[in-house]
Amino acid sequence: IYVKADAITYGEAPVIKLEYEGFVGTDDSTKLINLTTPVSEYAQWDDVDSGVFAITLEQFLDNNYNINIVNGELTVNKKQLTIDWSGSVFTYTGTPVDIYATISGFVGLDTSRQVVLTYDKAAESLAGSDYTRTVTNVELVGGNLDNYILPANMTTTYSIGKQKINLTLTESTIDYNGELHS
């Protein structure tokens, strides 16, 4: 009996399979009377690092077969996260623009944990283009970032356009009286 599992991504439930060799005639696994359930060192949502975990089947006796068990491994890969920015084109207001990142893709209990981001610099406030802002650190408060892959590029480029000013001229009548008027 071979104990197997396909590789999964952190947060997915493992699917453990048993493959059999050596049955006689029409016998199959339903003929094994003491077959146990395979056990994995990994359980979905465990707060453990991704990696390789043993999956085992307890040895058992059967009336008709000598049982040889080949235990296997379950590979749990890290989950890729994504980054989204609050915008890329802003209009001058005289204050720093409200540009911030959101990291998404967390699973399980991590979806309710606080994510704290640190940036390389404050946001710009003057009109201009080709400004950049980079997330330099990600903290998952109370969680384990080791189960995730951060986005390769955590920098965005943004611009601040000039504020449009509307000038309305009104008609006015002034009687000339020899004095200067403004």
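Refer to the structure above for everything that follows.
Participant: Would you take a moment to explain the overall build of the protein chain for this structure?
Facilitator: Scanning the protein chain for helices and strands turns up 0 helices and 14 strands. For the protein chain, the sequential pattern of α-helices and β-strands runs β-β-β-β-β-β-β-β-β-β-β-β-β-β. Its C-alpha atoms give the protein chain a radius of gyration of 32 Å, clearly above 16 Å, the size a compact globule of 182 residues would have. When its C-alpha atoms are laid out on the principal axes, the protein chain stretches across 125 × 30 × 25 Å. By residue count, 25% of the 182 residues in the protein chain fall in the buried class. As presented, the protein chain carries roughly 12200 Å² of accessible surface, and 48% of it is formed by carbon and sulfur atoms. Treating the 10 positive side-chain charges of the protein chain as one cloud and the 24 negative ones as another, the clouds have centres 4 Å apart.

Participant: Can you help me understand the environment of Asn153 in this one?
Facilitator: Here Asn153 shows up in the loop between β13 (148–149) and β14 (155–161). The exposure class of Asn153 is exposed, given its relative accessible area of 52%. Taking C-alpha positions, Asn153 is 41 Å from Leu18, a pair spaced 135 residues apart along the chain. Within polar-contact distance, the side chain of Asn153 engages the backbone nitrogen of Thr155 at 2.9 Å.

Participant: Hey, could you run me through the packing of aromatic side chains in this one?
Facilitator: The relative placement of two aromatic rings is captured by the distance of their centres and the angle of their planes. For the structure on display, the rule yields 8 aromatic pairs. Ring centres of Tyr10 and Tyr148 lie 5.6 Å apart, and the angle between their planes is 85°; this geometry places the pair in the edge-to-face category. Here Tyr10 is found in the loop between β2 (8–9) and β3 (16–19), whereas its partner Tyr148 is found in strand β13, with 138 residues between them in sequence. Residue Tyr10 is classed as buried on the basis of its relative accessible area of 4%. Residue classification places Tyr148 among the buried positions, given a relative accessible area of 5%. Ring geometry for Phe23 against Tyr65: centres 5.4 Å apart, planes inclined by 85°, an arrangement best described as edge-to-face.

Participant: Explain the pairing of strand β5 (residues 51–56) here, please?
Facilitator: Working note: regular strand, side chains alternate between the two faces of the sheet. In this sheet, β5 lies alongside strand β4 (residues 39–40) in antiparallel orientation, the contact comprising 2 bridges. Bridge assignment links Val39 to a residue of β5, and that residue is Thr56.

Participant: Teacher, can you tell me more about the pattern of salt bridges here?
Facilitator: A side chain with one charge can pair with a side chain of the opposite charge if their charged atoms come near. Counting across every chain of the model gives 3 salt bridges. Glu19 is paired through a salt bridge with Lys4; the nearest N and O atoms lie 3.1 Å apart. Here Glu19 is found in strand β3, whereas its partner Lys4 is found in strand β1 (residues 2–5), with 15 residues between them in sequence. Of the residues examined, Lys4 reaches a relative accessible area of 36% and is grouped as partly exposed. Taking the shortest distance from any N to any O, the salt bridge between Asp6 and Lys17 comes out at 3.1 Å. Highlighted residues: Asp6 in the loop between β1 and β2 and Lys17 in strand β3, separated in sequence by 11 residues.

Conventions adopted
- Residues numbered from 1 in each chain as written.
- Predicted model: local features only at pLDDT ≥ 70, side-chain atom pairs only at ≥ 80, totals over all residues.
- Heavy atoms only, no water.
- Helix = DSSP H or I, 4+ residues; strand = E, 2+ residues; numbered from the N terminus.
- Rg over C-alpha atoms; globule rule 2.2 N^0.38 Å.
- Buried < 20%, exposed > 50% of the residue type's maximum accessible area, 1.4 Å probe, protein only.
- Areas by Shrake-Rupley, 256 points an atom, 1.4 Å probe, with all protein chains shown as cover.
- Lys, Arg positive; Asp, Glu negative; His and termini not counted.
- Charge placed at Lys NZ, Arg CZ, Asp CG, Glu CD.
- Polar contact = N/O pair within 3.5 Å; in protein donor to acceptor, adjacent residues only side chain to side chain.
- Phe/Tyr/Trp six-rings, centres within 6.5 Å; stacked < 30°, edge-to-face > 60°.
- Pairing = 2+ DSSP bridges.
- Salt bridge = Lys/Arg side-chain N within 4 Å of Asp/Glu carboxyl O.

Bear in mind that shape data such as this cannot, by itself, settle questions of function.
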